[in-house]
Amino acid sequence: MASPRHSLRSPLGAVRGLGSAKDGTHHWWLQRVSAIALIPLTIWFVASLVVLAGSPYEVFIGWVAQPLVAVLLGLFVGVGFWHLKLGAQVVIEDYIHAESTKLIVSMLVNFATVVLGAAAIFSILKIAI
Amino acid sequence: MAQFERPLSPHLQVYRLPLTALASITHRATGVGLGFGTLLLTWWLVAAASGPETYATFQWFAGSIVGLIVLFGFTWALSFHLLNGLRHLFWDAGWGFDKQVSHKASVAVVAGSVALTVIVWLAAYIF
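Residues numbered from 1 in each chain as written. Chains lettered and ligands numbered in written order. Predicted model: local features only at pLDDT ≥ 70, side-chain atom pairs only at ≥ 80, totals over all residues.

A. Structural detail: the overall build of chain A. A tally of helices and strands in chain A yields five helices and zero strands. Counting helices and strands in the order they occur from the N terminus, chain A gives α-α-α-α-α. Whereas a compact globule of 129 residues would reach a radius of gyration of roughly 14 Å, chain A reaches 21 Å, over 25% beyond that. If one aligns the C-alpha atoms of chain A with their principal axes, the spans along those axes are about 70 × 30 × 25 Å. Among the 129 residues that make up chain A, the fraction classed as buried is 16%. If you take every contact in chain A between residues at least 6 apart in sequence, the share linking residues at least 24 apart comes to 70%. (Helix = DSSP H or I, 4+ residues; strand = E, 2+ residues; numbered from the N terminus. Rg over C-alpha atoms; globule rule 2.2 N^0.38 Å. Buried ≥ 20, exposed ≤ 12 C-beta atoms within 10 Å, placed from the backbone. Contact = placed C-beta atoms within 7 Å.)

Set out below in C-alpha cells:
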C-alpha cells in the first residue's frame, strides 16, 4: 500500500480493511470456514451412506433417530447449504452482469437454500424427536 | 474514446487451457451441480420424515436407471469438489503454486476423484 502521506484512504479505513464493498474478507473467510467444517462432515456422511445403502426404511429411520447422527446430519445439511449460498453468490456475481437479473437470481438462490435447508433440518428433527 | 481490437487473455478459442485451469472451472461446475443435487438430498430427508410410502417413492427413483446415474454423478462431483477444495485450501495457505506441483496436483485430483467414486460405489455394494 502507498505510504499514508500519499493515500486517500483514512487511517481508520486502512485499519478496518473493509474496502469499497464494506465487507472486507468476511465472505471469503466464511467460505473457507464452512469448507473446512464440511471436510469431516462429508467423509462421515458418505461413509454412513455406504454402510446404509440398500437398508429398509426402519433401519434408516433408526439410524437418523440416534442423537449424535441427528446432530451431525443437521450440521452437514446446515453448513452445506450455507457453503452453497456463499459459493452460488460468487458464481452469480461473476456471470450475471445485468443488475436487476443479478439481484433476482441471487435472491431466489438465497430463498431456495433457506427453504430447502429448513425442510431438510425439520425432517431430521421430526424423525429424531 | 476510440475502440481498439485488443487481444483478450486468455483467448478461450485458441488457447488450450492447462489442466489446472480445467480443474478450476470444473470445481465451479461441480459446485453448481452439487447445488442442484441438494434438491435430491432434501427430497430424501423429507420423504423419510413423511413415512414409509413416501420413502418408497424416493427409493424407487434412487434405484432406477436415471436415479443411479444421477447419484453416481453426484458422488463424483462431491469427490472432485472435496479433493480440489482441499487443494484450494492449500493454495490459500500459499502452498502448491509451483507450475510442476500444480500440474501434478491437478492429475492427482482428477484421478483421485474417479478412484474415490469407484471405491464408494464398490463399498456400497459390498457392505
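Back to the write-up after that little detour.
B. Expanded view of the overall build of chain B. Within chain B one finds four helices and zero strands. When the helices and strands of chain B are read in sequence order from the N terminus, they spell out α-α-α-α. Compactness check: chain B gives a C-alpha radius of gyration of 20 Å against a globular reference of 14 Å for 127 residues, more than 25% above the reference. Here chain B holds 127 residues, and 21% of them are scored as buried. Intrachain contacts of chain B at a sequence separation of at least 6 include 70% that bridge at least 24 residues.

C. Focus on the packing of helix α2 (residues 52-63) of chain B against helix α3 (residues 65-92) of chain B. Residues and elements named next belong to chain B. For the pair α2 and α3, interaxial distance at closest approach is 4 Å and the crossing angle is 75 degrees. The pairing of α2 with α3 is recorded here as roughly perpendicular in orientation. Only Gly67, Leu68 and Leu71 of α3 make contact with α2, whose side of the interface consists of Phe61, Ala62 and Gly63. Split into classes, the residues belonging to the contact of α2 with α3 amount to four nonpolar, two polar and no charged. (Axes fitted to C-alpha atoms, helices over the stretch in contact; angles between N-to-C directions. Parallel < 35°, antiparallel > 145°, perpendicular 65-115°, else oblique. Nonpolar A, V, L, I, M, F, W, Y, C, P; charged D, E, K, R; others polar.)

D. Examining the interface of chain B and chain A more closely. The interface of chain B with chain A comprises 22 residues on the first partner and 25 residues on the second. Of all the secondary-structure elements, those providing two or more residues to the side of chain B that touches chain A are α1 (19-50), α2, α3 and α4 (99-126) of chain B. Looking at the side of chain B that touches chain A, its residues break down into 15 nonpolar, five polar and two charged.

E. Representation of the packing of α1(B) against α4(B) within the structure. Residue and element names in this part refer to chain B. It is the contact of α1 with α4, at a shortest axis distance of 8 Å, that shows an interaxial angle of 45 degrees. With respect to α4, the axis of α1 lies oblique. In the packing of α1 onto α4, the handedness of the crossing is left-handed. Within the contact between the two elements, α1 uses Leu19, Thr20 and Ala23 and α4 uses Ser102, His103, Ser106, Val107, Val109 and Val110. When the residues that make up the contact of α1 with α4 are grouped by side-chain class, the tally is five nonpolar, four polar and no charged. (Left-handed = near helix turned anticlockwise from the far one by under 90°.)

F. Representation of helix α5 (residues 99-128) of chain A in the model. A rise of 1.5 Å per residue sets the reference length of α5(A), with its 30 residues, at 44 Å; its end C-alpha atoms lie 43 Å apart and thus fit the reference within 8%. Within the sequence span of α5(A), burial applies to Thr113(A), Leu116(A), Gly117(A), Ala120(A), Ser123(A) and Ile124(A). Buried residues along α5(A) sit in contact with α3 (57-65) and α4 (67-95) of chain A together with α1 of chain B. (Expected span 1.5 Å × (residues − 1).)

G. Looking closely at the nonpolar core. Ranked by internal contacts, the top residues of the largest apolar core, which has 13 residues, are Leu73(A), Val77(A), Phe81(A), Ala120(A), Ile124(A), Leu45(B) and Ala48(B). The leading source of residues in this core is α4(A), at six residues. Ignoring sequence-local partners within four residues, the contact set of Leu45(B) consists of Ala120(A), Ser123(A) and Ile124(A). (Core = buried A, V, L, I, M, F, W, Y, C linked by C-beta atoms within 7 Å.)

H. Fine view of α4(B). All names here are of chain B. Its 28 residues give α4 an end-to-end C-alpha distance of 40 Å, which sits within 8% of 40 Å, the value for a rise of 1.5 Å per residue. Within the span of α4, buried status applies to Ala105, Ser106, Val109 and Ser113. In the core, the buried residues of α4 are packed alongside α1 and α3.

I. Representation of the environment of Asp92(B) within the structure. Residues and elements named next belong to chain B. One can find Asp92 in helix α3. C-beta crowding within 10 Å serves as the criterion here: with 12 such atoms nearby, Asp92 is assigned to the exposed category. Through-space distance from the C-alpha of Asp92 to that of Tyr15 is 26 Å; in sequence the pair is 77 residues apart.

J. Broad picture of the confidence of the model for chain B. With 95% of its residues at a pLDDT of 70 or more, chain B shows a mean pLDDT of 92. In the model output, the complex is listed with pTM 0.88 alongside ipTM 0.88. (pLDDT = per-residue confidence, 0-100.)

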